[in-house]
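Reading the structure
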Amino acid sequence: MKLAEILKRENNNLDLIRIFAAILVIWNHSFALSPLAGVINRPIVGIAVPLFGFISGLVITNSVLNKKNSLTFLVSIFSRLWVPLVVAVLVCALIVGPIFSEHSIIVYFKEYFKDIYIYISNNVSFNINYKLPGVFVNNRYPNAVNGSIWVIPLFFGSYLFILAIRLIGILKDGLKGAISVAIIILFATILYVNKISFVWYDHNSFCILISILFGCMLCCLRNKLQINTRLLIGVLILYFLFKKTVIAYGFKLLVVFISSLWISQRKHFLLLKPKINLSLGLFLYAFPVQQIFACIYPKSTPLFNFIWSTLVTFVIAFLSYYFVERYCYKYADKIYKFIDKYELSI
């Protein structure tokens, strides 16, 4: 099947793959946050957030290329990403904070109002701040209320970058567009290798950025690229040929990316397609939930943290979808109609 067909929502189960990636992130963090963490080899986990980035790059680019009005795209990313982030930040500051702070609730709000305000204002403006007064100070990973949201500005910035290169004519359907994005990836890699950094902070940030751009590049080839068993076998062969080289990690990600597309279109896998996408809620709330369990059960194991945190976070993600994200989609649709009615565009 061509990638363009796979990207039609009814033809893929990418939502379940994103949920799986979010669960892998929880698994990884359980060893970092649990007080009794042991040494474990976690080769699969290193692909979780890049996989999330790759799928996002694909979907966002597909949306940019399909939408005739870029203003509706801006409304979409603000309503689907920024608003849920704002709610998650408020939940951490106004509910998790006072409950798990070493200070009393009165002292927390009265004496540290300025710190709480800075936490909220910084995070909603993508200037990430992890610390709330007295919260999780005795945890193994102290003072970090929500350590996962550092990637949100990177994702958001990448989406705006994709829109920008579309508006100036660099991003196009077809081979020319793919080559243009490939040149950007090469340029970014050269900057990273030479330690010239202006977007990313470390290796993880760089991998996420490249994964998003790779999804963008692949989407440019959506009308020509066939995602089939032949392609999957080809990338597997390339991985085994280069697995002992310095670029082995890149080929491992390539295998994961193509595999995810190949699996997502399979008939039996489509039967497992969830009716709602909980991946964003899982991503936004898992870390504070894991910190809460590490705080309440200081002698818990990583497995205990993972199981209970995953179960609780699924419940919160479900609530987030029904009370926040669902309404974001609803009101975004109304804004789309307003934009169309008054012929607003950029």
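Position numbers for residues count from 1 along each chain, tracking the sequence in the order it is written. For a predicted model such as this one, the threshold for reporting local features is a pLDDT of at least 70, and the threshold for listing and counting side-chain atom pairs is 80 or more; totals across whole chains, interfaces and linings nevertheless cover every residue. Calculation of side-chain values draws on the structure's entire complement of heavy atoms; hydrogens and water are dropped beforehand.

**Here we look at the overall build of the protein chain**
Numbering goes from the N terminus for both helices and strands, where a helix is a DSSP run of H or I of at least four residues and a strand is a run of E of at least two. When helices and strands are counted, the protein chain shows 14 helices and 0 strands. Listing the helices and strands of the protein chain from first to last along the sequence gives α-α-α-α-α-α-α-α-α-α-α-α-α-α. Its C-alpha atoms give the protein chain a radius of gyration of 21 Å, near enough to 20 Å, the size a compact globule of 346 residues would have. Across its three principal axes, the protein chain shows a C-alpha extent of roughly 60 × 55 × 45 Å. The classification of residues rests on relative accessible area computed with a 1.4 Å probe and restricted to protein chains. Under 20% of the type maximum is buried, over 50% is exposed, and intermediate values are partly exposed. By the burial criterion, 50% of the 346 residues in the protein chain qualify as buried. Our radius of gyration looks at C-alpha atoms and nothing else; its globule reference is 2.2 Å times the residue count to the power 0.38.

**Remarks on the nonpolar core**
Here the nonpolar core consists of buried residues drawn from Ala, Val, Leu, Ile, Met, Phe, Trp, Tyr and Cys, with membership extended through side-chain atoms lying within 4.5 Å. Grouped together as the largest cluster of nonpolar side chains are 85 residues, with contacts concentrated most on L171 and L218. What L218 contacts, discounting residues up to four positions off in sequence, is L3, F54, L58, L225, I258 and L261. Of all hydrophobic cores here, the second largest spans 7 residues; its members include I276, L278, A317 and Y321. Should any heavy atoms of two residues lie within 4.5 Å, those residues are considered in contact.

**Some details on helix α11 (residues 248–264)**
One less than the residue count of a helix, multiplied by 1.5 Å, gives the span that helix is expected to have. Between its first and last C-alpha atoms α11 spans 24 Å; for 17 residues at 1.5 Å apiece the expected length is 24 Å, and the two agree. Within α11, 12 of the 17 residues are buried, which leaves it mostly tucked inside the rest of the structure. Taken together, the buried positions of α11 are occupied by A248, F251, L253, L254, V255, V256, F257, I258, S259, S260, L261 and S264.

**Thoughts on the environment of I149**
Mapping I149 onto the fold places it in the loop between α6 (113–124) and α7 (151–167). For I149, a relative accessible area of 3% gives the class buried. Considered as a pair, I149 and K244 are 95 residues apart in the sequence and their alpha carbons are 33 Å apart.

**Looking at unusual backbone geometry**
Of note, the phi angle at F136 is positive, near 55°, even though the residue is not glycine. Secondary-structure assignment places F136 in the loop between α6 and α7. We note that N143 has phi near 70°; this positive angle belongs to a residue other than glycine. Position of N143 relative to the elements: it lies in the loop between α6 and α7. We classify N143 as partly exposed; its relative accessible area is 25%.

**Structural notes on the state of the cysteines**
Pairs of cysteine sulfur atoms within 2.5 Å are identified as disulfides in what follows. Taken as a whole and assessed by the stated rule, the structure comprises 0 disulfides. Lacking any disulfide linkage, C92 is separated from the closest cysteine sulfur, that of C295, by 14 Å. Residue classification places C92 among the buried residues on the basis of a relative accessible area of 1%. Among the cysteines around C328, which has no disulfide bond, C92 carries the closest sulfur, lying 17 Å off.

**Considerations on the packing of α7 against helix α9 (residues 203–220)**
With axes taken as lines fitted to C-alpha atoms, and helix axes fitted only over the stretch in contact, angles between N-to-C directions fall between 0 and 180 degrees. Two elements in contact, α7 and α9, have axes separated by 11 Å at closest approach and are oriented at 30°. In this structure, the crossing between α7 and α9 has a hand that is right-handed. Along the contact surface, α7 presents V151, L154, F155, S158, F161 and I162, while α9 presents S205, I208, L209, I212, L213 and C216. The class makeup of the residues in the contact of α7 with α9 is 10 nonpolar, 2 polar and no charged. Two helices crossing with the near one rotated counterclockwise from the far one by less than a right angle form a left-handed crossing, whereas a clockwise rotation gives a right-handed crossing. Each residue gets one of three labels, nonpolar for Ala, Val, Leu, Ile, Met, Phe, Trp, Tyr, Cys and Pro, charged for Asp, Glu, Lys and Arg, and polar for the others, Gly among them.

**Looking at the environment of L221**
You can see L221 is positioned in the loop between α9 and α10 (229–242). Sequence separation between L221 and G281 is 60 residues, and the spatial gap between their C-alpha atoms is 31 Å. Among residues more than four places away in sequence, those in contact with L221 are G174, L175 and A178.

**Observations concerning the packing of aromatic side chains**
Any Phe, Tyr or Trp ring, taking Trp's six-membered ring, that has another such ring centre within 6.5 Å forms a pair; planes under 30 degrees apart are called stacked, those over 60 apart edge-to-face, and the others tilted. Taken as a whole and judged by the stated rule, the model has 24 aromatic pairs. Both rings, one in W27 and one in F306, keep their centres 5.1 Å apart while their planes meet at 85°; by these two values the pair is edge-to-face. A residue pair is termed long-range when its members are at least 10 positions apart, and W27 in helix α2 (residues 14–33) and F306 in helix α14 (residues 302–341) qualify at 279 residues. A relative accessible area of 25% places W27 in the partly exposed class.

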